[in-house]
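A look at the structure
So the chains spell out like this:
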Amino acid sequence: GQQVMQIPQYQHVQEGEDFTTYCNSSTTLSNIQWYKQRPGGHPVFLIQLVKSGEVKKQKRLTFQFGEAKKNSSLHITATQTTDVGTYFCAPGSGGSNYKLTFGKGTLLTVNP
Amino acid sequence: DGGITQSPKYLFRKEGQNVTLSCEQNLNHDAMYWYRQDPGQGLRLIYYSQIVNDFQKGDIAEGYSVSREKKESFPLTVTSAQKNPTAFYLCASSIGVRSNQPQHFGDGTRLSIL
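Residues numbered from 1 in each chain as written. Chains lettered and ligands numbered in written order. Predicted model: local features only at pLDDT ≥ 70, side-chain atom pairs only at ≥ 80, totals over all residues. Heavy atoms only, no water.

Helix and strand content of chain B: zero helices and eleven strands. Walking chain B from its N terminus toward its C terminus, one meets helices and strands in the order β-β-β-β-β-β-β-β-β-β-β. With the C-alpha coordinates aligned to their principal axes, the bounding extent of chain B is approximately 35 × 25 × 25 Å. Residues classed as buried in chain B amount to 48% of the 114 residues present. Residue pairs in contact within chain B that sit at least 24 positions apart in sequence constitute 54% of those at least 6 positions apart. For chain B, the accessible area works out to roughly 5,500 Å², and carbon and sulfur atoms hold 45% of it. The averaged location of the 11 negative side-chain charges in chain B is 5 Å from the averaged location of its 12 positive side-chain charges. (Helix = DSSP H or I, 4+ residues; strand = E, 2+ residues; numbered from the N terminus. Buried < 20%, exposed > 50% of the residue type's maximum accessible area, 1.4 Å probe, protein only. Contact = heavy atoms within 4.5 Å. Areas by Shrake-Rupley, 256 points an atom, 1.4 Å probe, with all protein chains shown as cover. Lys, Arg positive; Asp, Glu negative; His and termini not counted. Charge placed at Lys NZ, Arg CZ, Asp CG, Glu CD.)

Below, the structure written as structure tokens:
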């Protein structure tokens, strides 16, 4: 499956600060999905990006897919304590590739 | 409500024992998956199944076995050959086995060694 580097591994912010996590691949991706896992919980699908340069928003969350389709980012504006959790990117290489390969995730903690 | 049910939530295994983790879905999804998650790590694929009576090894299949006799069910057996089984096990399903299909996860089973 695809190998990706997700950075940073950990991020601690004060409530109200912004947060960004990055997912980088050495190869071109067909698509990329993002998941959130709350502490003690299970991953929950957030969004999928497919097109080069695509930008999607969900309230305070902004997802981007790079022009070369080799990287992606998730940006959270004005973090809240409810944003705490681990954010995973999961890229796909398309074609007959059945697998998502999950990055190691970025653990976000928010100080109220 | 549609979803994925994993049981038990916590499981303890003795040395040399096989244990089976249950996963049931009522989403009518064709594809099902088993992942292992260790602290601070991402999800690693153990096995997946595209259709009834068919399954394929993932990246870390050694020491595990599965069956898919019904569309709704995909149990995972952790055998005594798996020397480091302590982990959080997650079952997931998707409409089909393609990388552009979102996956839906169960609540997981935490397995520990006694």
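Continuing now.
The subject of this paragraph is the packing of aromatic side chains. Enumeration according to the criterion identifies eleven aromatic pairs over all chains in this entry. On the basis of an interplanar angle of 85° and a centroid distance of 6.5 Å, the ring pair of Phe88 of chain A and Phe102 of chain A is categorised as edge-to-face. Here Phe88 of chain A, found in strand β9 (residues 85–92), pairs with Phe102 of chain A, found in the loop between β9 and β10 (106–111); they are 14 residues apart in sequence, far enough to count as distant. We note that Phe88 of chain A, like Phe102 of chain A, is buried. Relative to Tyr89 of chain B, the ring of Tyr64 of chain B has its centre 5.9 Å away and its plane inclined at 65°; by these criteria the two rings are edge-to-face. One end of the pair, Tyr64 of chain B, is in strand β7 (residues 64–66); the other, Tyr89 of chain B, is in strand β9 (residues 87–94), and 25 residues separate them in sequence. Here Tyr64 of chain B falls in the buried class, since its relative accessible area comes to 5%. Within the aromatic cluster, the residues linked to one another by ring pairs are Tyr35, Phe45, Phe88 and Phe102 of chain A together with Tyr33, Tyr35 and Phe105 of chain B. (Phe/Tyr/Trp six-rings, centres within 6.5 Å; stacked < 30°, edge-to-face > 60°.)

Across the boundary between the two partners, chain B contributes 23 residues, which contact 24 residues of chain A. Summed over both sides, the interface between chain B and chain A buries roughly 1,800 Å², with carbon and sulfur atoms accounting for 51% of that surface. On the surface where chain B and chain A come into contact, there are zero salt bridges. Here chain B and chain A share four residue pairs in polar contact (both at pLDDT 80 or more) between them. Of all elements in the fold, only β4 (31–37), β5 (43–51) and β9 of chain B reach the threshold of two or more residues within the side of chain B that touches chain A. (Buried area = accessible area lost by both parts, 1.4 Å probe. Salt bridge = Lys/Arg side-chain N within 4 Å of Asp/Glu carboxyl O. Polar contact = N/O pair within 3.5 Å; in protein donor to acceptor, adjacent residues only side chain to side chain.)

Applying the stated criterion across every chain yields a total of two disulfides over all chains. Between the sulfur atoms of Cys23 of chain A and its disulfide partner Cys89 of chain A the distance amounts to 2.0 Å. One quick way to see it: the torsion about the S-S bond of Cys23 of chain A and Cys89 of chain A is about 65°, and its sign makes the bridge right-handed. Of this pair, Cys23 of chain A sits in strand β3 (residues 19–25) while Cys89 of chain A sits in strand β9, and the two are 66 residues apart along the sequence. Here Cys23 of chain A matches Cys89 of chain A in class, with each residue buried. Disulfide pairing places Cys23 of chain B opposite Cys91 of chain B at an S-S distance of 1.9 Å. As the torsion about the S-S bond is roughly -75°, the Cys23 of chain B-Cys91 of chain B disulfide counts as left-handed. (Disulfide = S-S within 2.5 Å.)

Such coordinate-based values are descriptive only and should not be taken to indicate function.
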